[in-house]
Amino acid sequence: MGRIRRGARVLAAAATLASAACPAEAPPPSEPVPEPTEALRPAAASGKVPASARVVDYEIDARYDEEEHRVEGRAHITWRNNGPAPVHEIPFHLYMNGFRAEDTAWMRQGRGSHRAHGQSEDNPWGYIDIETVERLQGIGSDGNPARTPLTHREADEPSLMTVSLDTPVDPGQAVEFEIAFVTQFPEVFARTGFSGRFVMAGQWFPKPGVLHADGSWRAHPFTLYSEFYADFGHYEVHLDLPADLVAGASGILVSSTTEGSRQLLHYRAEMVHDFAWTAGPDLFEAWDDYEGIRIRALVPEERAADASAHLAAQRAALESMEARFGPYPWSTITLIDPPEGAGGAGGMEYPTFYTTSAPYHLPPTLRALGFDHRVGGEFTTIHEFGHQYFQGLLASDEFSQPWLDEGLNTFSNMLVYVDWHGPDDAHGPWLARFAGHELGLYDGLRLDMKPGGPLQPVDQPANRFTPLVGQYGSLTYRKTAAIMLTLRRVLGAEAFDHTMRRYADEFRFRHPRGADLEGTFVRELGEHVVLGRTDDDQPITLSIPEYFEQALRSTKTVDFRVHKVTNRPAQGDAGWHRDEHGALVGGDPPERTEEDSRSDEQLEAVVVVHRAGEMIIPVEVEVEFDDGSTARVLWDGRGRYRVLRWPGRRVRSASIDPEGRLVLEGRRWNNTRFAHERHPEQTVSQTLGTLSEASSLALMGGLGP
């Protein structure tokens, strides 16, 4: 859910003011790519799609009343009991009821606002009203399935209801329902709703909860930060819409007919856990094809030129993520950049279908002055497509552990940028340029690691986050990304990438938990990974369980500093000593010469490094000597400090984590220290550059999610 907003707002404001000065690029070719005939790619291209993961199927007939902004629908739902015991009642999600009144769980937290978009005065409320629930079983006298009315009741929290069965559903058996419902859309401010003639229909129909293998149900209330968790299945959806609207939806378009002022659209989606659709006037269509995957972009006609940027970002994301996390199994991708006034619908993911946001255009004059960026709509496109893996394929329980989707997805977005733009160095690909000074992608994440530390751990249910603390985005999205990138840079890209691919391959369509991810790392790499050895050949290891425990389930921070860098007199033999006869001899005075007049042999280089943070992780220390040579020492980080000595050497400087492996460390200004009178001269240009960069970083770091 949502865009990674930190750092983008400054650029967005500048770009919004300047966009009119930018000449529009020519729109991309609009020749349609043929609609696939199958919702899934051929078996050789789709990867593993286990039939056992198919739990619930839907046949939905829905008519959209544009004047009332309302859907009248009937959903024929087939649900299979894969649990260990008979089921007597089934909980359902009624997500739209989160927008029904001020006292719902969603509104109590959100207070009518979402990502700076608020409720309208004229059409603030949305809801879903369940009219009837009937069980279909056997054949009636009319030759149609016999219908048995079932009792349904809303919970005190109206985003949930329970359907009571007349007879239980045994393990391995299925039950069929038909549910008549009415969905009223609000004027869009949070994911779903209308704006003028544009409509975005997300979470618009009743959905069963998820029955776990132990017999427990997961059917959580819809809250401000909760995501959507559902079982996989097939969808046949028939939409009745105004004929002049351009529509897009999950899956493939099976058929389209026009009857007077209405269009009848039949969509099919297979092995997905949700279905969403959109429709609006004056939408420009742009197309691409990636190895048999039809890509369709819908953008407002006045911003047709932006489609090229979205398609390029989409292609880059596919190239990176298929290589890293396995095949994309479906045959279509549809993306929508909502029109002006419908920004609340932007930045949201659904299977094979997602909403993005407009790119930020900088005028040539600012670019000539050294200002540039790689954020905005292109990044939103990559982020929302990434959910096709970390929500669409690896459909974790996002209410219990939202970091498994949002965080791992944000991490994967970083790797898309690495693969697309490079390099994968200490700073990462540049994200923004301020007067010629670059802010790297990893540096952007480091800025979000608060010096005072987080107030909450990452690994906790969505409803434990509160906007009053305001750290959901920082922790769930960006700290998780920093956790995974730190682990990748410490373990090495090859070992880490191999392990992530094993996780992605093994848990496709399986609703993995955090323990499954952590267990994959232990199984593939071992509980303790040797990173190096001490001078006496003792191993320095990273404990995988300890790392995840500290990073995910504590508020400990990574923070190292160089405490001291000095050249002190070497240990001499001046003074009185007893000889072999026990008599005191000597008494020579100590040498009192200045440091610079001593030879290297008369000195000892000393470096003291300090672990200021509470999180324990091995770290590398690089020492530069006066003769230009360097030495690197790996410290296990377990003590509060470590003293390093080099007799007969003269030290110039010391740096902690010179390769920038610890993306989790936000406070790095004290990671380098120079010996007395060894600090390099600061030129005027260096001083101005440092001030420019510092002010840029401070500005970026001061923005909220």
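Look a little higher up for the structure.
Residues numbered from 1 in each chain as written. Predicted model: local features only at pLDDT ≥ 70, side-chain atom pairs only at ≥ 80, totals over all residues. Heavy atoms only, no water.

**Side note on the overall build of the chain**
1) Next: On a plain count of helices and strands, the chain comes out with 13 helices and 39 strands.
2) Next: With respect to the three principal axes, the spread of C-alpha positions in the chain is 120 × 65 × 50 Å.
3) Next: Buried residues in the chain amount to 56% of all 705 residues.
4) Next: Considering only residue pairs separated by 6 or more positions, the chain has 73% of its internal contacts joining residues 24 or more positions apart.
5) Next: A total accessible area of about 28,900 Å² is found for the chain, and carbon and sulfur atoms account for 50% of it.
6) Next: Positive and negative side-chain charges in the chain, numbering 68 and 103 respectively, have mean positions lying 5 Å apart. (Helix = DSSP H or I, 4+ residues; strand = E, 2+ residues; numbered from the N terminus. Buried < 20%, exposed > 50% of the residue type's maximum accessible area, 1.4 Å probe, protein only. Contact = heavy atoms within 4.5 Å. Areas by Shrake-Rupley, 256 points an atom, 1.4 Å probe, with all protein chains shown as cover. Lys, Arg positive; Asp, Glu negative; His and termini not counted. Charge placed at Lys NZ, Arg CZ, Asp CG, Glu CD.)

**A closer look at the sheet that holds strand β8 (residues 151-154)**
1) Next: Overall, antiparallel pairing links the four strands, which are arranged β8-β9-β3-β13 in an open sheet. Across the chains shown, the open sheet's two edge strands, defined by having one partner strand only, are β8 and β13 (207-208).
2) Next: The sheet contact formed by β8 and strand β9 (residues 160-169) spans four bridges and is antiparallel. Paired with His152 across the bridge in β9 is Val163. (Pairing = 2+ DSSP bridges.)

**Things to note about the pairing of strand β21 (residues 283-290)**
Each regular strand carries side chains that alternate between the two faces of the sheet.
1) Next: Counting buried positions over the eight residues of β21 gives six, a clear majority of the element.
2) Next: For β21 and strand β22 (residues 293-300), the ladder comprises eight bridges, and the chain directions are antiparallel. Note on β22: the bridge partner recorded for Glu285 is Leu298.
3) Next: Between β21 and β22, which pair antiparallel one after the other, the connecting turn spans two residues, and Glu291 there sits at a positive phi close to 50 degrees.

**As for empty space enclosed by the protein**
Vacant regions in the atomic arrangement are exposed by a probe of water-molecule size rolled over the atoms.
1) Next: By the definition in use, this model includes two cavities of 30 Å³ or more.
2) Next: Taken as a whole, the largest cavity holds about 50 Å³ of empty space.
3) Next: Forming the walls of the largest cavity are Thr541, Leu542, Ser543, Glu546, Tyr547, Gln550, Ile616, Ile617, Pro618, Asp636 and Arg638.
4) Next: At the level of secondary structure, the elements contributing two or more residues to the lining of the largest cavity comprise β30 (539-543) and α12 (544-553).
5) Next: Grouping the constituent residues of the lining of the largest cavity by class yields five nonpolar, three polar and three charged.
6) Next: One number sums up the size of the second largest cavity: a volume of about 40 Å³.
7) Next: Forming the boundary of the second largest cavity are Tyr95, Met96, Phe99, Ala190, Arg191, Thr192, Gly202, Gln203, Phe222, Phe228 and Tyr350.
8) Next: Its residues assigned to classes, the lining of the second largest cavity shows seven nonpolar, three polar and one charged. (1 Å grid on protein atoms, 1.4 Å probe; cavity = no way out; pocket = protein on both sides within 12 Å on 5 of 7 lines; lining within 4 Å. Points joined across faces, edges and corners; volume = space filled by probe spheres on them. Nonpolar A, V, L, I, M, F, W, Y, C, P; charged D, E, K, R; others polar.)

**Here we look at the environment of Asp516**
1) Next: Topologically, Asp516 is positioned in helix α11 (residues 514-525).
2) Next: Note: C-alpha distance between Asp516 and Glu178 (338 residues apart in sequence) is 36 Å.
3) Next: What Asp516 contacts, discounting residues up to four positions off in sequence, is Tyr503 and Phe507.

**Comments concerning the packing of aromatic side chains**
1) Next: A full pass over the atoms with the stated rule returns 40 aromatic pairs.
2) Next: Between the aromatic rings of Tyr328 and Phe385, the centroid separation amounts to 5.7 Å while the plane-to-plane angle is 40 degrees, which identifies the pairing as tilted. Pair noted here: Tyr328 is in the loop between α4 (307-325) and β23 (332-336) and Phe385 is in helix α6 (residues 377-393), with a separation of 57 residues, a long-range link.
3) Next: On the basis of relative accessibility, which here comes to 0%, the residue Phe385 falls in the buried class.
4) Next: The rings of Tyr58, Tyr64, Phe181, Phe185, Trp204, Phe205, Tyr235, Tyr267, Phe275 and Trp277 are connected pair by pair, giving a single aromatic cluster.
5) Next: The aromatic ring of Trp430 is capped on one face by Arg433, whose charged end is 4.0 Å from the ring centroid.
6) Next: One cation-aromatic arrangement involves Arg649 over Phe625; the distance from NZ or CZ to the ring centre is 3.9 Å. (Phe/Tyr/Trp six-rings, centres within 6.5 Å; stacked < 30°, edge-to-face > 60°. Lys NZ or Arg CZ within 6 Å of the ring centre and 35° of its normal.)

**Considerations on a negative patch on the surface**
1) Next: Taken together, the side chains of Asp282, Glu301, Glu302 and Glu340 make up a negatively charged region of the molecular surface.
2) Next: Following the sequence through the fold, Glu301 ends up in the loop between β22 and α4. (Patch = residues over 30% accessible without salt bridge, like charges linked within 9 Å, V, L, I, M, F, W, Y side chains within 5 Å. Salt bridge = Lys/Arg side-chain N within 4 Å of Asp/Glu carboxyl O.)

**Considerations on the pattern of salt bridges**
1) Next: A full pass over the atoms with the stated rule returns 53 salt bridges.
2) Next: Residue Arg303 pairs with Asp337 through a salt bridge whose shortest N-O separation is 2.7 Å. Within this pair, whereas Arg303 is found in the loop between β22 and α4, its partner Asp337 is found in the loop between β23 and β24 (348-350), the two being separated by 34 residues in sequence.
3) Next: Taking the relative accessible area as the measure of exposure, Arg303 reaches 19% and is therefore buried.
4) Next: Overall, Asp337 belongs to the buried group, its relative accessible area being 1%.
5) Next: A salt bridge links Arg324 to Asp497; the shortest N-O distance between them is 3.1 Å. On the criterion of sequence distance, the pair formed by Arg324 in helix α4 and Asp497 in helix α10 (residues 493-506) is long-range, its members being 173 residues apart.
6) Next: Overlapping salt bridges bring together Arg324, Asp419, Asp424, Arg488, Arg489 and Asp497 as one network.

**What to know about the side chain of Ser412**
1) Next: Examined against the element boundaries, Ser412 turns out to sit in helix α7 (residues 406-420).
2) Next: Once you skip the residues sitting within four places of it in the chain, Ser412 turns out to touch Met321, Phe325 and Phe390.

**Examining the packing of α4 against α7**
1) Next: The N-to-C vectors of α4 and α7 enclose an angle of 105 degrees; their axes lie 9 Å apart at closest approach. Classed by the angle they form, the pair α4 and α7 counts as roughly perpendicular. Residues Ala312, Ala313, Ala316, Ala317, Ser320, Met321, Arg324 and Phe325 of α4 pack against Phe411, Ser412, Leu415, Val416, Asp419 and Trp420 of α7.
2) Next: The residue makeup of the contact of α4 with α7, split by class, is 10 nonpolar, two polar and two charged. (Axes fitted to C-alpha atoms, helices over the stretch in contact; angles between N-to-C directions. Parallel < 35°, antiparallel > 145°, perpendicular 65-115°, else oblique.)

**With respect to the nonpolar core**
1) Next: Membership of the largest hydrophobic core comes to 174 residues, with the highest contact counts inside it found for Phe177, Trp204 and Trp277.
2) Next: Of all the elements, helix α9 (residues 472-491) adds the most residues to this core, at 11 residues. (Core = buried A, V, L, I, M, F, W, Y, C linked by side-chain atoms within 4.5 Å.)

**Looking at α11**
1) Next: Spanning 12 residues, α11 covers 17 Å between terminal C-alpha atoms, matching the ideal 16 Å at 1.5 Å per step.
2) Next: Taken as a whole, α11 has its buried residues at Gly514, Asp516, Leu517, Glu518, Thr520 and Phe521.
3) Next: Its buried side turned inward, α11 meets α7, α9, α10 and α12.
4) Next: Directly beyond the C-terminal end of α11, a positive phi value near 95 degrees is found at Gly526. (Expected span 1.5 Å × (residues − 1).)

**Side note on the sheet that holds strand β36 (residues 630-635)**
1) Next: Spatial strand order, β36-β35-β38-β39: four strands in an open sheet with antiparallel pairing. The sheet is open, and its two edges are formed by β36 and β39 (672-674), each paired on a single side. Across the sheet, the mean angle separating the axes of adjacent strands is 15 degrees when strand polarity is ignored.

**Topic: the packing of α6 against α7**
Relative orientation and spacing of two packed helices are given, respectively, by the angle between their axes and the distance between those axes.
1) Next: Packing of α6 against α7 brings their axes to within 9 Å, and their N-to-C directions diverge by 125 degrees. Considered as vectors, α6 and α7 are oriented oblique to each other. α7 is crossed by α6, and the crossing has right-handed handedness. Of α7, the residues touching α6 (which contributes Phe379, Ile382, His383, Gly386, His387 and Phe390) are Glu406, Leu408, Asn409, Thr410, Ser412, Asn413, Met414, Val416, Tyr417 and Trp420.
2) Next: Here the contact of α6 with α7 is built from residues that sort into eight nonpolar, seven polar and one charged. (Left-handed = near helix turned anticlockwise from the far one by under 90°.)

**A word on the environment of Ala39**
1) Next: Summarising the element assignment, Ala39 is placed in the loop between α1 (8-18) and α2 (43-46).
2) Next: Overall, Ala39 belongs to the buried group, its relative accessible area being 4%.
3) Next: A C-alpha to C-alpha distance of 20 Å links Ala39 and Phe390, two positions 351 residues apart in sequence.
4) Next: The contact partners of Ala39, leaving out residues within four places of it in the chain, are Ile252, Arg268, Ala269, Glu270, Trp330 and Ser331.

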